[in-house]
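Observations on the model geometry
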Amino acid sequence: MNGIKLTTIQKEQLQGVYFAENIFFNCVQDINNDWFVFLSEEDKLYLRNTEFEWLNSEIESEYVPPILENPFA
Amino acid sequence: MYGVGFGIGAIGATTILNSGLALSARTTAFKNATGITDVTILNALNTLDLGLISNGLDTKMKALYPVVGGDSAKHSYNFMNPSQYQLSFSSGWTHSSNGMSANGSSAYADTGINPIVALTSMSSGLSIYNRTTGYKTGFDIGAIDSSNNNFYGHINYNATYPTGNAIQGDRFLYTSSSNDVGLITFNRTANNVANTWIKGTKVATSTVTSTSGLSNANIYIGAINWTTFGGASYFCARQYSLVAIHNGINDAQAANLNTLVQAFQTSLSRQV
């Protein structure tokens, strides 16, 4: 899966911020502890003409999820 | 016993559409909150509501998200009370007429429902209509608080840990689980009675006595709210087309709920 790779500063600017009435940014770390955000097509529509519109122009890169421990162990 | 037979003069009817359909008060309120005008959707909701009422299930529901309308705004509303427990979506959900799809990497929805505040100890449950086949690692709905009080369910996590119920107690599995779609209900009605139903059929029961409390953390959809790990985690990539959070229900009520929900989905041509 591809997503938008963020700097730590960008992540701090986005995390938890609402960009629509009931949608907020949720950023997650990949296997290298780099931050990513994933946007659906609907999310991108909401970002138009906002301070976050720059995200729609970002080139996506491959996201490799972190290895999670077995939650049932 | 399941039954539907109300027409004009339905309980609490307050709106009559141009089509002649008389909407219940609850359907009217949902229509007004969401702005949905599609007659097929409104008819389906109205039929669902009348069925919940006639089967005594409406009073069991704390929240019911019918996931209709095709966008995040409309999908966010709680049919039982549109001004209460509106979903907050993270980025990454895909919404369509078939439901809401989590991305399995970052997407989750916060119901705003904290079990210890809103639900009844040893009598509560989660029902979720899953349209995605196959194994998907992740938790579909629930919470685990810092005291490890469980309140969650997961569907077909993998072959070793398929569909599991952890409603205010230790998780127990539906060991014959393989490809569970449709309405799945995770439920507890006593400290030593917990059941899982799939499409109205009981598939797993636990009689292990639980001494756990209700989880003190908001119920998430599409991931689990695991406070020890900082919140949303174990994201799940499934499509859901109805979610309900309710008081504990029995076998007959679970079967009736499934009948109603399946008819609802069929009328919207998105049944599985």
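Being a predicted model, the structure only gives us computed values, none of them experimental.

Frequently, the measure chosen for interface size is the accessible area that the parts lose on association. With 28 residues of chain B at the contact, the number on the chain A side is 23 residues. For the pairing of chain B and chain A, the buried interface totals around 1900 Å² over both sides, and the portion due to carbon and sulfur atoms is 55%. Summed over the three residues of chain B that lose the most area to chain A, namely Ser91(B), Ser105(B) and Tyr234(B), the buried surface amounts to 27% of that side. Counting across the chain B and chain A interface gives 0 salt bridges. Connecting chain B to chain A are 13 residue pairs in polar contact (both at pLDDT 80 or more). Among the secondary structure elements, those contributing two or more residues to the side of chain B that touches chain A are α3 (72–75), β4 (88–90), β5 (94–96) and β10 (150–154) of chain B. Along the lines of polarity and charge, the residues of the side of chain B that touches chain A split into 13 nonpolar, 13 polar and 2 charged. Where strand β3 (residues 23–24) of chain A meets β4(B), 2 bridges bridge the pair, whose relative direction is parallel. Bridged to Ile23(A) within β4(B) is Phe89(B).

Our next topic: the nonpolar core. In globular proteins that are soluble, nonpolar side chains generally tend to be buried together. Residues and elements named next belong to chain B. With 33 residues, the main nonpolar core has Trp93, Met100, Ile128, Ile219, Ile221, Tyr240 and Val243 as its most contacted residues. Listing elements by their share of this core, those giving two or more residues are β3 (61–65), β8 (124–130), β12 (172–174), β13 (182–190), β14 (193–198) and β19 (239–247). For this core, the leading source of residues is β19, giving 3 residues. Counting residues in each nonpolar core, the second largest holds 30 residues, with Ile41, Leu64, Met80 and Leu242 among its members.

Cut-offs applied
- Residues numbered from 1 in each chain as written.
- Chains lettered and ligands numbered in written order.
- Predicted model: local features only at pLDDT ≥ 70, side-chain atom pairs only at ≥ 80, totals over all residues.
- Heavy atoms only, no water.
- Contact = heavy atoms within 4.5 Å.
- Buried area = accessible area lost by both parts, 1.4 Å probe.
- Salt bridge = Lys/Arg side-chain N within 4 Å of Asp/Glu carboxyl O.
- Polar contact = N/O pair within 3.5 Å; in protein donor to acceptor, adjacent residues only side chain to side chain.
- Helix = DSSP H or I, 4+ residues; strand = E, 2+ residues; numbered from the N terminus.
- Nonpolar A, V, L, I, M, F, W, Y, C, P; charged D, E, K, R; others polar.
- Pairing = 2+ DSSP bridges.
- Core = buried A, V, L, I, M, F, W, Y, C linked by side-chain atoms within 4.5 Å.
- Buried < 20%, exposed > 50% of the residue type's maximum accessible area, 1.4 Å probe, protein only.

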